[in-house]
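Structure assessment
Single-letter residue listing:
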Amino acid sequence: MIDETASTTDDTQRDASIGYRDIIRALVRDPLVLVSVIFLTLLILSAIFAEIVAPMDPLIPNIFASRLPPLSYATGLDGTEQLHLLGTDALGRDMLSRLIFGARASLFVALVSVFVSGVLGTCLGVIAGYYGGWVETVVMRAVDAFMAVPSLLIALFVLFIIGGGLVNMILIFALVRWVVYARLARGITLSLRETQFVEAARAIGASNARIMLRHILPNMISPLLVLATLEIALLVLAEAGLSFLGFGLVPPEPSWGLMISRGREYMREAWWMITLPGLAIFLTTLSLNLIANWFRAVMDPVQRWRWLM
Amino acid sequence: MKINNAFFAFILKRLLNSVILLVIVMSLVFFANRQIGDPARMVLGNGASEEAVLNLRTQMGLEDPMSQQYGRFLYGLATGDLGKTFRFGLSDSVRAGNDANALSTLPIAMDRLPATLILAGATIIFSVLVALPLGLYAAARPRSPPDRAIGVLSLAGVSIVEYWFALVLVLVFAVQFAWFPTSGYGTVAHVVLPALALSLRPIGRITQIARSSLLDEMAKPYITAAKGRGIPMRRVAAVHALKNAAIPIVTTIGDETINVVTGVIIIETIFGWPGIGALTVDALSIRDIPLVEATVFLLVLMVLTINLLVDVAYAFLNPRLRIG
């Protein structure tokens, strides 16, 4: 036991020695991850500045430009010739613009849900692991219960009761996903609670809140970041699934899931209507998964040298 | 093989937990369903008179106190009677004079079970057959180009939207090449596309876990000791390491089976597969509450059963629980 404690402290110290410079160096060494980071950065920027980046309004239909394949020109409503780089949908709305605005909806739901569930789950997990006793029993019973029933099933049912929409989706995702953070945070807290630096902090009279916030929490940031990245990917997929079934975001909101569901009716004659939003989701989640995978390896002192060598 | 009491105590505890959880989930479903409007009005439509609605409410037992309704629900849950369907029940079947049993929601939902089990079973068997060799092959040569390629591919597998992949499969293999039917049920050819669509994610996850758990195991001291005794690598991996690496792999296969059981909700809808998933979506969209309760009941029951099976497998693989 004493040996284990010592090695944990040692790893933690080594962990702290990694700087931004090392991270950049490791990033350049892995081109696939570098491409993922660039792709996600561009995606997030264009989602934030969608009004400026998108060439057209994603909501205004144009019946003269219905179902145009990618790279076609059409006369817009203002009479000028417009290029539809990625084609148009059944109502003649520009696909590229809808994909950009769809990124905003999909990423917003995923990011806010991950933030809410992450903060909630981490707090509960740390408190449960630190205090133990009945607090831990209650939290972990709830975790077990949520873990036993698939999130998608709970989400589907609750959205059926309270109705779809942006806010409800975020609430549901927070409700069903906090458990994964709670489980992780509790596990790490349990092992950190017995370490010498926590004992030392207690000995000099640090309050429980201070020990949790300043000594325990900082030591779980990197596994939490990895988990949160994986969760963003998962929620982008979940949002698409629920919206597809009609229990998620509500039309005419441009969301990737809704675009696939709309495009399904025309998939035989207009392949781009389902292919492009699906590819957008795929590239986004793949990038997130690649980054999470890489980050986990870089943050692991045992594996790190392979990236820095 | 000697099995001790700890094994049975463990399984019994898990079984009890599952039953309690099932009752809690179904109770939540019961109370949630009472919040979405008057079932009698849903059945009769908006044009119905107040008197007719009140009549039907009395007939359906909705005028009784809530405690009595809940008691009846729990009794029904214990005896396998989850009520009569709204739509099929009070419109067509009753007028057609069908027997009352045809309206019970649980038998209606149970009829859909075999189709779902076939699809989920085919998916998991296919996934394990593909993923295990891939994961073990990658683990045998860590950080080699094939290992990296398998790593990226398995990440791609978990990154794809299942139903989108299903639609692309339909577009290519059913519409373009006409190798497989676009939808339906009955022959082996019908299973191929939905099972393929559902299997990407399990393949990706099982491959990753198989690789990493075997690698973890191979790094342990007892493996070094076995190698030191001159036992060939192949034998060390197959006999010693794989046995211990099996626990996380089996757990992952269980988790992925559960994911497939929820995945069928969307995939069955796309392929017109007459399983429990498609029925759930139908019941939700026509707001047939007793039918929703029956399908949710069966889905949760399936998930809890899989969890229990994983626990049994875990107890078997873990010598501390198996050997007295």
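First, a word on what this report is: a plain description of the structure on this page.

The rules behind the values
Residues numbered from 1 in each chain as written. Chains lettered and ligands numbered in written order. Predicted model: local features only at pLDDT ≥ 70, side-chain atom pairs only at ≥ 80, totals over all residues. Heavy atoms only, no water. Helix = DSSP H or I, 4+ residues; strand = E, 2+ residues; numbered from the N terminus. Buried < 20%, exposed > 50% of the residue type's maximum accessible area, 1.4 Å probe, protein only. Contact = heavy atoms within 4.5 Å. Areas by Shrake-Rupley, 256 points an atom, 1.4 Å probe, with all protein chains shown as cover. Lys, Arg positive; Asp, Glu negative; His and termini not counted. Charge placed at Lys NZ, Arg CZ, Asp CG, Glu CD. Buried area = accessible area lost by both parts, 1.4 Å probe. Salt bridge = Lys/Arg side-chain N within 4 Å of Asp/Glu carboxyl O. Polar contact = N/O pair within 3.5 Å; in protein donor to acceptor, adjacent residues only side chain to side chain. Nonpolar A, V, L, I, M, F, W, Y, C, P; charged D, E, K, R; others polar. Pairing = 2+ DSSP bridges. Patch = residues over 30% accessible without salt bridge, like charges linked within 9 Å, V, L, I, M, F, W, Y side chains within 5 Å. Axes fitted to C-alpha atoms, helices over the stretch in contact; angles between N-to-C directions. Parallel < 35°, antiparallel > 145°, perpendicular 65-115°, else oblique. Left-handed = near helix turned anticlockwise from the far one by under 90°. Phe/Tyr/Trp six-rings, centres within 6.5 Å; stacked < 30°, edge-to-face > 60°. Core = buried A, V, L, I, M, F, W, Y, C linked by side-chain atoms within 4.5 Å.

Things to note about the overall build of chain A
Counting its regular elements, chain A contains 14 helices and 2 strands. Taken over 309 residues, chain A has a buried fraction of 51%. Long-range pairs, those at least 24 residues apart, make up 71% of the contacts in chain A between residues at least 6 apart in sequence. For chain A, the accessible area works out to roughly 14800 Å², and carbon and sulfur atoms hold 67% of it.

Side note on the overall build of chain B
Each helix and strand in chain B was counted, giving 15 helices and 0 strands. Counting only C-alpha atoms and orienting by the principal axes, one finds that chain B spans roughly 85 × 60 × 30 Å. Taking all 324 residues of chain B together, 47% fall into the buried category. Considering only residue pairs separated by 6 or more positions, chain B has 71% of its internal contacts joining residues 24 or more positions apart. Total accessible area on chain B is roughly 15600 Å²; 64% of this is exposed by carbon and sulfur atoms. Side chains of chain B give 26 positive and 20 negative charges; the mean places of these two sets differ by 19 Å.

Re the interface of chain B and chain A
On the chain A side, the residues contacting the 38 residues of chain B number 36 residues. The three residues of chain B that bury the most area against chain A are Tyr163(B), Trp164(B) and Leu284(B), which together make up 18% of that side's buried surface. In this assembly, chain B and chain A are joined by 0 salt bridges. In this structure, the connection of chain B to chain A is made through 6 residue pairs in polar contact (both at pLDDT 80 or more). Only helix 1 (5-33), helix 8 (145-159), helix 9 (162-176), helix 12 (233-271), helix 13 (276-285) and helix 14 (289-317) of chain B provide two or more residues apiece to the side of chain B that touches chain A. Looking at which element gives the most residues to the side of chain B that touches chain A, the answer is helix 14 of chain B, with 7 residues. Its residues placed into classes, the side of chain B that touches chain A shows 29 nonpolar, 6 polar and 3 charged.

Some words on the pairing of strand 1 (residues 72-75) of chain A
Residue and element names in this part refer to chain A. With burial as the criterion, only one face of strand 1 is covered, namely that bearing Ser-72 and Ala-74; the residues Tyr-73 and Thr-75 on the opposite face remain uncovered. Both strand 1 and strand 2 (residues 81-84) contribute to a ladder of 4 bridges, which runs antiparallel. The partner of Thr-75 across the bridge, within strand 2, is Glu-81.

Overview of a nonpolar patch on the surface
All names here are of chain A. Where nonpolar side chains cluster on the molecular surface, the patch consists of Ile-44, Leu-45, Ile-48, Phe-49, Ile-52 and Val-53 and spans about 570 Å² of accessible area. When contributions to the nonpolar patch are tallied by element, the ones reaching two or more residues are helix 3 (31-48) and helix 4 (50-53). Counting residues per element, the nonpolar patch draws most heavily on helix 3, which supplies 3 residues. The topology assignment puts Phe-49 in the loop between helix 3 and helix 4.

Comments concerning the packing of helix 5 (residues 95-131) of chain A against helix 6 (residues 133-148) of chain A
Any two packed helices are characterised by how steeply their axes cross, that is the angle between the axes, and by the distance between the axes. Residues and elements named next belong to chain A. In contact at an axis separation of 7 Å, helix 5 and helix 6 are set at 140° when each is read in the N-to-C sense. When the axis of helix 5 is compared with that of helix 6, the two are oblique. For the pair helix 5 and helix 6, the crossing hand works out as left-handed. Between helix 5 and helix 6, the contacting residues are Leu-124, Ile-127, Ala-128 and Tyr-131 on the first element and Gly-133, Val-135, Glu-136 and Val-139 on the second. For the contact of helix 5 with helix 6, the class distribution of residues is 6 nonpolar, 1 polar and 1 charged.

A few points about the environment of Gly230(B)
Summarising the element assignment, Gly230(B) is placed in the loop between helix 11 (221-228) and helix 12. Along the backbone, Gly230(B) and Asn244(B) are 14 residues apart, and their C-alpha atoms lie at a distance of 20 Å.

Description of the packing of helix 8 (residues 166-193) of chain A against helix 11 (residues 221-245) of chain A
All names here are of chain A. Here helix 8 crosses helix 11 at 155°, and the two axes come no closer than 11 Å. In terms of their interaxial angle, helix 8 and helix 11 are classed as roughly antiparallel. Taken as a pair, helix 8 and helix 11 cross one another with a handedness that is right-handed. Contacts between helix 8 and helix 11 pair Met-169, Phe-173, Arg-177, Val-180, Tyr-181, Leu-184 and Ile-188 from the former with Pro-223, Leu-224, Leu-227, Ala-228, Glu-231, Leu-234, Leu-235, Ala-238, Glu-239, Leu-242 and Ser-243 from the latter. For the contact of helix 8 with helix 11, the per-class residue count stands at 14 nonpolar, 1 polar and 3 charged.

Things to note about the side chain of Asn289(A)
Turning to its location among the elements, Asn289(A) is positioned in helix 13 (residues 272-299). In this structure Asn289(A) comes out as buried when scored by relative accessible area, which is 6%. At 2.8 Å, the side chain of Asn289(A) forms a polar contact with the side chain of Ser159(B). Residue contacts for Asn289(A): discarding those within four places in its chain leaves Leu230(A), Ala233(A), Leu155(B), Val158(B) and Ser159(B).

Considerations on the packing of aromatic side chains
Using the criterion set out here, one finds 14 aromatic pairs over all chains in the structure. Relative to Tyr163(B), the ring of Phe244(A) lies with its centre 4.1 Å away and its plane at 25°, an arrangement referred to as stacked. Of the two residues, Phe244(A) sits in helix 11 while Tyr163(B) sits in helix 9, which places them in two different chains. Accessibility assignment for this pair places Phe244(A) and Tyr163(B) in one class, buried. For the ring pair Phe30(B) and Tyr70(B), a centre distance of 5.6 Å and an interplane angle of 45° mean the geometry is tilted.

Side note on unusual backbone geometry
For residues that are not glycine, phi is negative in most cases, and the peptide bond is trans in most cases. Even without being glycine, Ala178(B) reaches a positive phi, approximately 55°. Of note, Ala178(B) is situated in the loop between helix 9 and helix 10 (188-218).

A few points about the nonpolar core
Judged by nonpolar contacts, the single largest core of 164 residues is most densely connected at Trp256(A) and Tyr163(B). Counting residues per element, this core draws most heavily on helix 13 of chain A, which supplies 16 residues. With sequence-adjacent residues up to four places away left out, Trp256(A) is seen in contact with Leu43(A), Leu99(A), Gly102(A), Ala103(A), Ser106(A), Val236(A), Pro277(A), Ala280(A), Ile281(A) and Thr284(A). Of all hydrophobic cores here, the second largest spans 9 residues; its members include Leu214(B), Met218(B), Ile231(B) and Val236(B).

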